[in-house]
Amino acid sequence: MRKFTFILSVLFFSITTQAQTWNGIGVHVPSFRYGEVLIGTDKIPTSEMLGNEDVTNYKLFVCGGILAEEWLVPNATWCDYVFKPTYYLTPLSEVEQHIQTKGHLHKTPSAAEIESKGLKMQEITINQQEKIEELFLHMIEMEKRMKQLEGENEELKVEVEKLRQQQD
């Protein structure tokens, strides 16, 4: 019976797949002719189940965890725009105010949004990178300010020492 099942599985797989296709990033992948692929489930989730997210363009549905050594998102827009002079780096006082008012970082989804709509990995990865780059810009500014204050502090120490010597 196992041989028969295996032969049917191979026959079904060969019927439902085409020749391998090139995906433009150096990897050959099988291309499925018939709709969606479901793993660990026999139901495609509806938009209502996913916070009204449109699922019509999704082709792989997995119920359970996915383990991978690597995950490539081709042609993702990256956040180097943070380093352009025209980028508005939100002052930390405004960030603090936003956190106190809204309970989460600015331009970042709240826990409630993620719980209701889900978490899009590409978007949140870009968002996190944006926040990291903003933090580095704030740290660079703080280091400059600290060096300036250290210089002023040294000048004041010299002035205080001169005044002490004049009093003696």
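Per chain, residues are indexed from 1 in the order of the written sequence. For a predicted model such as this one, the threshold for reporting local features is a pLDDT of at least 70, and the threshold for listing and counting side-chain atom pairs is 80 or more; totals across whole chains, interfaces and linings nevertheless cover every residue. The side-chain quantities take in all heavy atoms of the structure and omit both hydrogens and water.

S.K.: Would you explain the overall build of the chain in this entry?
M.R.: Across its full length, the chain carries 4 helices and 4 strands. Strands here are runs of E lasting at least two residues and helices are runs of H or I lasting at least four, both read from the DSSP assignment and numbered beginning at the N terminus. Start at the N end of the chain and walk to the C end: the helices and strands fall as α-β-β-β-β-α-α-α. For the chain, buried positions account for 14% of its 168 residues. Throughout, a contact is declared for two residues whenever any of their heavy atoms are within 4.5 Å. Here the contacts in the chain between residues at least 6 apart in sequence split such that 44% fall between residues at least 24 apart. With a 1.4 Å probe rolled over the protein chains alone, any residue whose accessible area is under 20% of its type maximum counts as buried; one over 50% counts as exposed, and the rest are partly exposed.

S.K.: For this particular structure, what's the right way to read a nonpolar patch on the surface?
M.R.: On the surface, I39, L60, V62 and I66 cluster together to form a nonpolar patch covering roughly 370 Å² of accessible area. If you trace the backbone, V62 turns up in strand 4 (residues 60-62). Patch criteria: residues need more than 30% relative accessible area and no salt bridge. Like-charged residues are merged within 9 Å; nonpolar side chains of Val, Leu, Ile, Met, Phe, Trp and Tyr are merged within 5 Å. We get accessible surface area from the Shrake-Rupley algorithm with a probe of 1.4 Å; when it comes to residues, only the shown protein chains can shield them. By salt bridge we mean one thing: a side-chain nitrogen of Lys or Arg within 4 Å of a carboxyl oxygen of Asp or Glu.

S.K.: Would you take a moment to explain unusual backbone geometry for this structure?
M.R.: Note: most peptide bonds trans; most residues except glycine with negative phi. Located in the positive-phi region is K107, a residue other than glycine, with phi close to 55°. Structurally, K107 can be placed in the loop between helix 2 (92-102) and helix 3 (111-117).

S.K.: Can you walk me through the layout of surface pockets in this structure?
M.R.: Regions of empty space are outlined by a rolling probe, equal in size to a water molecule, passed over the atoms. Reported here for the second largest pocket is a volume of approximately 250 Å³. Elements with a contribution of two residues or more to the lining of the second largest pocket: helix 3 and helix 4 (121-167). Its residues assigned to classes, the lining of the second largest pocket comprises 4 nonpolar, 2 polar and 6 charged. In this analysis a 1.4 Å probe is tested at points of a 1 Å grid over the protein atoms alone, and where it fits but cannot get out there is a cavity; an open set with protein on both sides within 12 Å along at least five of seven lines is a pocket; lining residues have an atom within 4 Å of a point. Grid points are joined across faces, edges and corners, and a volume is the space filled by probe spheres set on the points. As a working rule, the residues Ala, Val, Leu, Ile, Met, Phe, Trp, Tyr, Cys and Pro are called nonpolar, Asp, Glu, Lys and Arg charged, and the rest polar, with Gly in that last group.

S.K.: Hey, could you run me through the pattern of salt bridges in this one?
M.R.: Pairing of side chains with opposite charge becomes possible as their charged atoms draw close. With the rule as written, the count across this model stands at 4 salt bridges. Residue K131 pairs with E134 through a salt bridge whose shortest N-O separation is 3.1 Å. With K131 and E134 both in helix 4 and 3 residues apart, the pair spans about one turn of that helix. Note that K144 and E141 form a salt bridge whose closest N and O atoms lie 3.6 Å from each other. Taken together, the residues span about one helical turn, with K144 and E141 both in helix 4 at a distance of 3 residues. The class for K144 is exposed, based on a relative accessible area of 54%. Connected via shared salt-bridge partners are E130, K131 and E134.

S.K.: Any chance you could explain helix 4 here in plain terms?
M.R.: In an α-helix, one turn spans 3.6 residues, which is why side chains three or four residues apart end up on the same side. Over its 47 residues, helix 4 extends 67 Å from the first C-alpha to the last, a length consistent with the 69 Å expected when each residue adds 1.5 Å. Residues of helix 4 that are buried include every one of I124, I126, N127, E130, K131, E133, E134 and H138, and no others. Among the structural elements, helix 2 are those in contact with the buried residues of helix 4. Every helix has an expected span of 1.5 Å times one less than the residues it contains.

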